[in-house]
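Chain by chain, the residues:
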Amino acid sequence: MLYLVKDPLYRSFRYDIFLKYGFTILKMEHKFFPDGETYIRFLDDIDPEGYYLVIIRGYPEQDRNIIRALFILETLKDLGARKIYLCLPYMPYSRQDKRFLPGEAISAQIIARTILDRGADIIITIDVHNEAAYHQLNNRFVNIRSTDLWCSYIRKNLPDRDICIISPDIGRKGFIKELGEKCNATTLSFMKVRDPHTGKILHHEPEDPDAYRDVLKNRDTIIIIDDIIATGGTVAGVARRIRRDGFQGKIYTFFTHGLFLGNAYDKLMYAGVDHVICTDTVDNPFIHEDVCVGKLILNFLEKKGLLPYVK
Ligand code: R5P
């Protein structure tokens, strides 16, 4: 049997997709004590032969989410569950992936190890900030790239456009190359030019100026795609530059994880962005149903044979 443990605080996530594949929702009570501490109780019996998929939101309230995940994992294990997959579609703490300054906690690794130690067989996530930060966990940490989702969004919603897909920094070059090949679109990367003393981003420069000039002249649609929108500064900076250089076509922005801190959305609008599209890894107002990540998780489980009962 397949069991799904839903996170009561994860409002936008499309859990319903899983029900079509034979998952049964495990009944769970969740509340906060008056002092803010978390309470969890399972109301159904635990099936030792069952496969349990626990899907927890990563943002906001990262610390509380992690506590909730740990309580769920340890309790499931304690009550007899033997196969538990924990899915955090947005992996919290993934940006502190190394010791930038002496003495810092490498939070990304601490969180992942703690989750695995508490009873998860594997952690599944989508478009993690830096896959390499989790290499030591081998095949117990699975990062699923969202390229297939974006590709079908483009095919369905932008079929006749002459598109260039832009990555706002070099780190995402591999991702846009994969996406461009899948949906037959041109790609281009920007570089962040930083002040050598302060590290502050000064401006954004196209990696290949000739290809960039060609895009400005000959494409009618630009898609800027990034894993995370936090303050909005990165993508707004690139969009502003593209408009300043005379691009008159449509600018779409695609984000896997829509955190939208402060006035991030306004920054995009002031920079000349026309459309904002997000997946459902983080609750936000810009989620599009064509890019809900549940499909990716199900495909992954099916391909790997991790859930033999998936139809
Ligand atoms: C950076 O490496 C990430 O891929 C994003 O570009 C960054 O987190 C976006 O942050 P913000 O929206 O604050 O510019």
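Report follows, based on the coordinates. (Residues numbered from 1 in each chain as written. Predicted model: local features only at pLDDT ≥ 70, side-chain atom pairs only at ≥ 80, totals over all residues.)

Right, let's talk about the nonpolar core for a bit. Generally speaking, soluble globular proteins have nonpolar side chains that are buried together. Ranked by internal contacts, the top residues of the largest apolar core, which has 83 residues, are Val54, Leu73, Leu86 and Ala239. Each of domain 1 (2–145 + 293–304) and domain 2 (147–290) gives at least three residues to this core. (Core = buried A, V, L, I, M, F, W, Y, C linked by C-beta atoms within 7 Å. Buried ≥ 20, exposed ≤ 12 C-beta atoms within 10 Å, placed from the backbone. Domains from an automatic or database assignment.)

What surrounds the ligand is the set Pro168, Asp169, Gly171, Asp226, Asp227, Ile228, Ile229, Ala230, Thr231, Gly232, Gly233 and Thr234. Elements that contribute at least two residues to the shell around the ligand include exactly strand 12 (221–229) and helix 7 (233–244). The biggest single contributor to the shell around the ligand is strand 12, with four residues. (Near = placed C-beta within 6 Å. Helix = DSSP H or I, 4+ residues; strand = E, 2+ residues; numbered from the N terminus.)

Taken in spatial order, the six strands make up an open sheet running 2-1-5-6-7-8, and their pairing is parallel. If you trace the sheet from one side to the other, it starts and ends with strand 2 (23–25) and strand 8 (141–144), each paired once. Averaged over neighbouring strand pairs, the angle between their axes works out to 25° when direction is ignored. Sheet topology note: the strand 6 (residues 83–87)/strand 7 (residues 122–126) ladder contains three bridges and is parallel. Within the sheet, the bridge partner assigned to Cys87 lies in strand 7 and is Ile124. Across the sheet, helix 2 (residues 62–78) is in contact with strand 1 (2–6), strand 5 (51–55) and strand 6; its angle to strand 6 comes to roughly 170°. (Pairing = 2+ DSSP bridges. Axes fitted to C-alpha atoms, helices over the stretch in contact; angles between N-to-C directions. Contact = placed C-beta atoms within 7 Å.)

Turning our eyes to something else, we now look at the sheet that holds strand 13 (residues 250–258). Pairing is mixed across the open sheet formed by six strands, whose spatial order is 11-10-9-12-13-14. Of all strands in the sheet, those with a lone pairing partner are strand 11 (201–206) and strand 14 (275–278), marking the two edges. For this sheet, the mean angle separating the axes of adjacent strands, direction not counted, is 25°. Sheet analysis places strand 13 next to strand 14, joined by four bridges and oriented parallel. If you follow Tyr252 over to strand 14, its bridge partner there is His275. Each of strand 9 (163–167), strand 10 (186–194), strand 11 and strand 12 touches helix 6 (residues 209–218); the most contacted strand, strand 10, lies at about 120° to it.

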